[in-house]
Amino acid sequence: MRKTLSLLAALLAVACGGDEQTDTSALQPTITQQEANARYRVKAGRELLIAPSYTNAEGARFTWTCDDEVVCREASYVFRRDKAGIYYLSLRVENDYGAAEDELRVRVDALEAPCITLIEPVGGFTVAADAELTIAPTVENGQTARFRWTIDGETVGEAAEYLFRRHECGDYEVTFSAANDDGEDSVSFTVKVLSPEQMPFSWEFPQTVYNVALGRTIRLKGWNPVNAFDAEYIWEVDGTERQRGAQLEYRFEALEEGPHEVTVTMRNSYATRSQTLSVNVCAAEGTYYRPADAASRASTVRVFEYLPAPGLWVSGYMYGPLFTATTMAEACAYVQSRFDINYMISLGAWGGYVVTGFDHSVDNSGGGVDLAIRGNPYSYQSEPGVVWVAQDENGDGEPNDTWYELAGSEYDSAETIYDYSVTYYQPTRAQAAVVWRDNRGGGGTIDHNAYWNPSDSYYQPWLPEGECTFYGTRLLDRSYVDASGQTVVPPYDWGYADNAGKSDYDGQFCLFRLSNARTFDGRPADLKYIDFVKIQTGQMGKTALLGETSTEVHHIVDYHLIDRETE
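To keep things clear, this report deals only with the structure shown in the data block. (Residues numbered from 1 in each chain as written. Predicted model: local features only at pLDDT ≥ 70, side-chain atom pairs only at ≥ 80, totals over all residues. Heavy atoms only, no water.)

### Regarding the sheet that holds strand β39 (residues 467-474)
1) Next: Read across the open sheet, the 4 strands follow the order β38-β37-β36-β39; overall the sheet is antiparallel. Single-partner strands in this sheet number two, and they are β38 (443-446) and β39. Each adjacent strand pair in this sheet contributes to an overall mean axis angle of 25°, direction not counted.
2) Next: Pairing analysis gives 7 bridges linking strand β36 (residues 417-425) to β39, with the strands arranged antiparallel. What sits directly across from S421, in β39, is Y471. (Pairing = 2+ DSSP bridges. Helix = DSSP H or I, 4+ residues; strand = E, 2+ residues; numbered from the N terminus. Axes fitted to C-alpha atoms, helices over the stretch in contact; angles between N-to-C directions.)

### Some thoughts on the pattern of salt bridges
1) Next: Taken as a whole, this structure holds 25 salt bridges when the rule is applied.
2) Next: As a salt-bridge pair, K528 and E285 come within 3.4 Å of each other at their nearest N and O atoms. With K528 in the loop between β43 (517-518) and β44 (529-537) and E285 in the loop between β27 (272-282) and β28 (302-307), the pair connects residues that are 243 residues apart, well separated along the chain.
3) Next: On the basis of relative accessibility, which here comes to 57%, the residue K528 falls in the exposed class.
4) Next: Taking relative accessible area as the criterion, E285 reaches 24% and is therefore assigned partly exposed.
5) Next: Measuring nitrogen to oxygen at the nearest pair gives 3.8 Å for the salt bridge that ties D493 to K502. (Salt bridge = Lys/Arg side-chain N within 4 Å of Asp/Glu carboxyl O. Buried < 20%, exposed > 50% of the residue type's maximum accessible area, 1.4 Å probe, protein only.)

### Observations concerning the environment of L133
1) Next: By secondary structure assignment, the location of L133 is in strand β12 (residues 133-135).
2) Next: Under the relative-accessibility criterion, L133 is labelled buried at 16%.
3) Next: For the pair formed by L133 and E405, sequence separation is 272 residues and the distance between their alpha carbons is 35 Å.

This is a description of form; function is not addressed.
Right, here's the structure in full:
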């Protein structure tokens, strides 16, 4: 009996010792997520079922938390949020043998329903009978959208654009719709088909008052005629006819000092329209020359105009607004305050500009460097701006005189576009892209990027309400993305602001020669001095990473006095 008890005791001892050494890790629960790295994605307002797979989870307890709040105690969780953003969740599974935990991230994207912007001309869409009218709305989030065009209720197209043409005169009701899985949008409008004599004629005159020094020749030009048909233009100077023909421009020779009235009349088979221009022939060059003295500042002292095109970097940034001007005067004061401390401004997309003036006349050295303009260019990322200069020809201290372009390396390039204009249209809803159209049939958008600049609109409040048109010279956009994914905007060789050129950039300033000033027809202007400088974004381009190409400017300096500038 004693021997049996001893054996039983030994067996119990072995059994107890075995319990102490048993490994229970194999009985603990494990979690395997549906998505790699536990990264999930869903649209706002939509449900996402997160259902990991488990081992050893029978009878286990589940705890899901989000922002330190328990949101579920089941094995799977139906996630839904109405607001876009990144959400982090924790999942804990535990049984009698241990616990497993995992972290999850859910990215909630905003719905990307199509949003249509259609710029309707003043007076609505009109087209002559049997003529073609291309209707090209802008559709945000339209990459995967389904399109539909109807005219008077009948489906006529399923493309993003529609070529409208009808023989019968009258009003046609047109509807364009776009739809994807996130929603839909539509616009309806009327197209009037008119006979040629009913078609409205229009033209543009960016300026109607001109000042020019005695002995010079300037160009008077009307822009962008619409429905001119077989137009003839008659130019009269002080009541005397001087030119008749198809040219909507006139070379005015400033031979007699004083005011002159110029009238241009358009006549075609259906209408007659006239526009009066005023030309003030001022005293000869040099009359209002202002020599520099010991008190003269090297840099410009006044900003007369700041008219940026819509752009990402003009007045806002991800950390808040840079400034909140609502008038041109407030905007100019802001820019001058930036220039005074050598801080940067952006001119926005193509055509945006700033006009500044010196407290003295800047001399033409006859081929040497005369102006220095600071920007923020790099050899791999330049945003060239075209530079214009002017004299105070009428002596009133305002930049209302003749502008001359400083020729750069692309001045004679076949890819440079002269007499170019772009109209930007003010968005009608917050954080919408800004639509643009040019005078060569092109168009596009200045996209809204809420990450970099969440302000409601990139169309600045001191621009003309509804739309704003810019005129000037367009340089070829040469931006591209290299093999590493880096956006590259290469510089031109020389002659432009915010441009790390080969021969006119000293590491701080882009350098300019007044001897490169050109008249409207490309001849040397031979200016002895200048008083005003205008810098204008020269490229119409955009990249996914940087947004639109936009010239940046720090300050503008008389190179002859640059040693006076405090760095």
